[in-house]
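Report on the structure
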Amino acid sequence: MDTKDEHLIDLLAMYCLQIDELMKYLTPSGKEQITFTNDVIMKDLRNQLAHNYDSVKKEMLIALALKVSNKNSILEIDKRIKYCMENRQGN
C-alpha cells in the first residue's frame, strides 16, 4: 500500500471513530432510521480502531465508507437531520 492509500485509510478510521461518537447522541428511534450501520458494528469497529489499529481489516473500513457515502445513506442522514431540526426542543 502506498503512502497516499495509507493516509486515506487513516482518514477513514478517524471518520469511523467520529461516526461512532456521534451515534451516541441519537435516540433509539433515531438509530432505527439509520440503516447503513448499527451499534454493534460501530462498537466493534471502534474498539478495534482504538485498541488494535494495526490489525484492523482495511476492507472493513472501506466497506463502511462505501455504505456511508451511498446516495441512500446520505438521504437517510439528511432526513434525520431535518426531522431533528424541526422537532428539537426549545423552538
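These notes cover the structure that comes with them. Keep in mind that what you see is a predicted model, and the values were worked out from it rather than measured.

Focus on the overall build of the protein
Within the protein, the secondary structure is distributed over five helices and zero strands. Beginning at the N terminus, the succession of helices and strands in the protein can be written as α-α-α-α-α. In terms of overall dimensions, the protein has C-alpha extents of about 50 × 25 × 20 Å along its principal axes. Buried residues in the protein amount to 21% of all 91 residues. Taking contacts inside the protein between residues at least 6 apart in sequence as the whole, the part at least 24 apart equals 59%.

Some remarks on a nonpolar patch on the surface
Side chains of Leu-8, Leu-11 and Tyr-15 sit close together on the surface and give an oily, nonpolar patch of about 300 Å² of accessible area. Mapped onto the fold, Leu-11 is located in helix α1 (residues 3-23).

Some details on the nonpolar core
In globular proteins that are soluble, nonpolar side chains generally tend to be buried together. Cys-16, Leu-45, Leu-49, Val-56, Leu-61 and Leu-64 are the most contacted members of the largest nonpolar core, which has 13 residues in total. Those elements that place two or more of their residues in this core are α1, α3 (39-51) and α4 (58-68). Of the residues forming this core, the biggest block, four residues, is contributed by α1. Here Leu-64 is in contact with Cys-16, Thr-37, Met-42 and Leu-45, once residues within four sequence places are set aside.

Examining the packing of α1 against α4
Their axes nearest at 10 Å, the elements α1 and α4 cross at an angle of 65 degrees. As for the relative orientation of α1 and α4, their crossing is left-handed in sense. Contacts between α1 and α4 involve Ile-9, Leu-12, Ala-13, Cys-16 and Ile-19 from the first element and Lys-58, Leu-61, Ile-62, Leu-64, Ala-65 and Val-68 from the second.

Some points on the pattern of salt bridges
In the structure shown here, the tally under the stated rule is one salt bridge. Residue Glu-21 pairs with Lys-24 through a salt bridge whose shortest N-O separation is 2.8 Å.

Side note on helix α5 (residues 71-87)
Relative to the 24 Å expected for 17 residues at 1.5 Å per residue, α5 spans 24 Å between its end C-alpha atoms, a close match to the ideal helical length. Residues of α5 that are buried: Ser-73, Glu-76 and Arg-80. Taken down its axis, α5 places every buried residue within 55 degrees of arc, on the same side. Counted as exposed and oriented over 90 degrees from the buried face of α5: Lys-71, Lys-79, Lys-82 and Glu-86. On its buried side, α5 packs onto α2 (28-33) and α4. Capping the start of α5 is the job of one residue whose side-chain oxygen sits 2.6 Å from the backbone nitrogen of Asn-72: Asn-70.

Basis of the calculations
- Residues numbered from 1 in each chain as written.
- Predicted model: local features only at pLDDT ≥ 70, side-chain atom pairs only at ≥ 80, totals over all residues.
- Heavy atoms only, no water.
- Helix = DSSP H or I, 4+ residues; strand = E, 2+ residues; numbered from the N terminus.
- Buried < 20%, exposed > 50% of the residue type's maximum accessible area, 1.4 Å probe, protein only.
- Contact = heavy atoms within 4.5 Å.
- Patch = residues over 30% accessible without salt bridge, like charges linked within 9 Å, V, L, I, M, F, W, Y side chains within 5 Å.
- Areas by Shrake-Rupley, 256 points an atom, 1.4 Å probe, with all protein chains shown as cover.
- Salt bridge = Lys/Arg side-chain N within 4 Å of Asp/Glu carboxyl O.
- Core = buried A, V, L, I, M, F, W, Y, C linked by side-chain atoms within 4.5 Å.
- Axes fitted to C-alpha atoms, helices over the stretch in contact; angles between N-to-C directions.
- Left-handed = near helix turned anticlockwise from the far one by under 90°.
- Expected span 1.5 Å × (residues − 1).
- Arc of directions from axis to C-beta.
- Polar contact = N/O pair within 3.5 Å; in protein donor to acceptor, adjacent residues only side chain to side chain.

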